[in-house]
Amino acid sequence: KACFNSICIIFARTAEESGKVYFKKYPLFILFFALTFYACNPARKLPEGQYLLTKNVIVADTGLIEKDRLASLIKQKPNRKILGVFRFHLGVYNLGNHGKPTKFKNWLKSIGEEPTILDTALVEKSRNQINLLVHKQGFFNSTVTDTVLYKHKTAKVNYAINYGRPYLIRNVVYDTKDPVLKNLLFLFDSHGILNKGSRYDEDLIEKERDKIASDIKDRGYYFFSKNYITIQVDSSLGTHETDIFFYINRKNENIDPALIGNSPIENHHSYTLRNIYIQTDFNPKDPTHSIPQDTIYYHGYYLLSQDSERIIRNDQLLGTIFFQSGDLYLQPSVDYSYTRLQDLNIFKFINIQFSEVPREFETDSFKLDVTIQLTPMDQQDVTFEAEATNTGGNLGLAGSVGYRNKNLFRNAEVL
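Just so we're clear, the structure is a prediction, and the values are computed from it rather than from any experiment.

## Quick look at the overall build of the protein
Point 1. The secondary structure content of the protein amounts to 11 helices and 13 strands.
Point 2. Expressed as a percentage of its 415 residues, the buried residues of the protein come to 33%.
Point 3. The long-range share in the protein, meaning contacts at least 24 apart out of those at least 6 apart in sequence, stands at 60%.
Point 4. Put simply, the protein shows about 24500 Å² of open surface, and 52% of that area lies on carbon and sulfur atoms.

Here's what the structure looks like:
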């Protein structure tokens, strides 16, 4: 040990005398330095009661949950290793943290890594997080314990997981008091992703919730979201089984009346499209000066621009729009239109907005206005390329110039 300490002191003095220039000239010297300092025991100078965390170990009685996923929940990670053996970054930091501070040592500390000191409070938090994840996977009777093994000035933490018997899904029930949505419940029941007899899994339950919300929204319910869906789980059957209930709330049904001014409970509404506005020269950096001055009504669409010159022909533009006035709002049609507009490769910014049309009478239907804002790319570009050549030992230079027009005849053609 005394020999190692002497080596460390000699190399530390050499480093300070040589400075950064020496390190730039001999980059491998940094690696050798750090490894030498590692041999000098990087934990030996820790204050009394502090321990260097060297390893986290997860031991489970089954492999149902990937260890990488469990390890991601651990709050403290040991210092990195090179080649799986040497803590290079820690060695560099300790080298810079030795003796009187200098600019060179501060530089070493900046590229190094501080020692990871064991924090038992973080160990407890890590254990609780692992236990929570295991519970979410259906192991309600699981236990997670942690054990810290101390050796000299280092510590290793073992997390032991006993899963126990998993809970299975017995029934999945869908319900609502909304009369229109009630007619859709059979679809959720027949096309759900939760299967009877499968293991309880909160990740799948949340995906089912997202799927229900998406299916409802895709049928014209523009303002519907998964926040309207309440999930209840009954695991008190005594048979290691659960019943899962999905309840679709009406508007204001699951909100405290005091928070919404006693607004009445009402059913959800599907929306149809009224006016569709398309502007092809919108500038998001200067929206004030992007106000259109020219408007034409063409085949059921309002085409807007700042002047009468349009960057793309009307038929070519409307060939990418897959919804029209009077249609029921359908999210897939909106998504497909967005993709087709991107495929034209002449717009760098595409924004599709929906706004609710005010209703004058209760008998009026629910409608949305659509605004499509398109920002054009630069229509032309020029590229220059140069390269060195070597043909049969003869050296030379080659160059090329490229020109591209991405909307030559206003039909999104590329020349």
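## As for the sheet that holds strand β11 (residues 367-376)
Point 1. Judged by pairing direction, the sheet is mixed, and its five strands sit side by side in the order β8-β9-β7-β11-β10 without closing on themselves. The open sheet has two edge strands, β8 (294-298) and β10 (347-356), and neither has a second partner. With strand direction ignored, the average angle separating the axes of adjacent strands in the sheet is 20 degrees.
Point 2. In terms of strand pairing, β10 meets β11 through nine bridges, oriented antiparallel. When the sheet's bridge partners are listed, I352 is paired in β11 with I372.
Point 3. Sheet strands touched by helix α11 (residues 331-343): β10 and β11. Its angle to β10, the strand with the most contacts, is close to 155 degrees.

## Thoughts on the packing of aromatic side chains
Point 1. Applying the stated criterion across every chain, the model contains 18 aromatic pairs.
Point 2. For the ring pair Y222 and F223, a centre distance of 4.8 Å and an interplane angle of 85 degrees mean the geometry is edge-to-face.
Point 3. An aromatic cluster is built from Y222, F223, Y271, Y329, F354 and F366, whose rings are joined through pairwise contacts.
Point 4. If you follow R359 out to its NZ or CZ, it ends over the ring of F366, 4.0 Å from the centre.

## Digging into the pairing of β8
Point 1. Across five bridges, the pairing between β8 and strand β9 (residues 301-305) is antiparallel. If you follow Y297 over to β9, its bridge partner there is Y302.
Point 2. Taking the residues between adjacent antiparallel strands as the criterion, β8 and β9 are bridged by two residues, where H299 takes a positive phi near 55 degrees.

## A look at the nonpolar core
Point 1. Ranked by size, the top nonpolar core spans 27 residues in total, and within it I278, F323, L341, F354, V370, I372 and L374 carry the most contacts.
Point 2. Contributing elements (two or more residues each) for this core: β7 (272-279), β9, α10 (314-318), α11, β10 and β11.
Point 3. Setting aside anything within four residues of it in sequence, one finds I278 in contact with Y301, Y302, L303, L304, L317, L318, I321, I372 and L374.
Point 4. Listed in part, the 20 residues of the second largest apolar core include L185, L194, I216 and F224.

## Structural notes on the environment of H191
Point 1. Locating H191 in the fold gives a position in helix α8 (residues 185-191).
Point 2. Along the sequence, H191 and K211 sit 20 residues apart, while their C-alpha atoms lie 9.7 Å from each other.
Point 3. A polar atom in the side chain of H191 sits 2.9 Å from the side chain of S190.

## Digging into unusual backbone geometry
Point 1. The backbone of N252 sits at a positive phi, close to 70 degrees, despite the residue not being glycine.
Point 2. The topology assignment puts N252 in the loop between β6 (241-248) and β7.
Point 3. Classification of N252 by relative accessible area gives buried; the value is 19%.

## Quick notes on the environment of L303
Point 1. Relative to the helices and strands, L303 resides in strand β9.
Point 2. What L303 contacts, discounting residues up to four positions off in sequence, is I278, D294, T295, I296, Y298, R310, N314, L317 and L318.

## Notes on a nonpolar patch on the surface
Point 1. On the surface, a nonpolar cluster with roughly 760 Å² of combined accessible area is contributed by V382, F384, V401, Y403, L408, F409 and L415.
Point 2. Secondary structure elements with two or more residues in the nonpolar patch: β12 (380-391) and β13 (394-405).
Point 3. Summarising the element assignment, L408 is placed in the segment after β13.

## Some thoughts on helix α4 (residues 88-96)
Point 1. With respect to burial, α4 is a largely interior element, nine of its nine residues being buried.
Point 2. Of the positions making up α4, those classed as buried are F88, H89, L90, G91, V92, Y93, N94, L95 and G96.

## Observations concerning the packing of α4 against helix α5 (residues 103-111)
Between two packed helices, what matters for the description is the angle formed by their axes and the separation of those axes.
Point 1. Interaxial distance between α4 and α5 falls to 7 Å at its minimum, and their mutual angle equals 155 degrees. Put simply, α4 runs roughly antiparallel to α5. As for how α4 packs across α5, the hand of that crossing is left-handed. For the pair α4 and α5, contact is made by H89, V92, Y93, L95 and G96 and by K105, L108, K109 and I111, respectively.

Cut-offs applied
Residues numbered from 1 in each chain as written. Predicted model: local features only at pLDDT ≥ 70, side-chain atom pairs only at ≥ 80, totals over all residues. Heavy atoms only, no water. Helix = DSSP H or I, 4+ residues; strand = E, 2+ residues; numbered from the N terminus. Buried < 20%, exposed > 50% of the residue type's maximum accessible area, 1.4 Å probe, protein only. Contact = heavy atoms within 4.5 Å. Areas by Shrake-Rupley, 256 points an atom, 1.4 Å probe, with all protein chains shown as cover. Pairing = 2+ DSSP bridges. Axes fitted to C-alpha atoms, helices over the stretch in contact; angles between N-to-C directions. Phe/Tyr/Trp six-rings, centres within 6.5 Å; stacked < 30°, edge-to-face > 60°. Lys NZ or Arg CZ within 6 Å of the ring centre and 35° of its normal. Core = buried A, V, L, I, M, F, W, Y, C linked by side-chain atoms within 4.5 Å. Polar contact = N/O pair within 3.5 Å; in protein donor to acceptor, adjacent residues only side chain to side chain. Patch = residues over 30% accessible without salt bridge, like charges linked within 9 Å, V, L, I, M, F, W, Y side chains within 5 Å. Salt bridge = Lys/Arg side-chain N within 4 Å of Asp/Glu carboxyl O. Parallel < 35°, antiparallel > 145°, perpendicular 65-115°, else oblique. Left-handed = near helix turned anticlockwise from the far one by under 90°.

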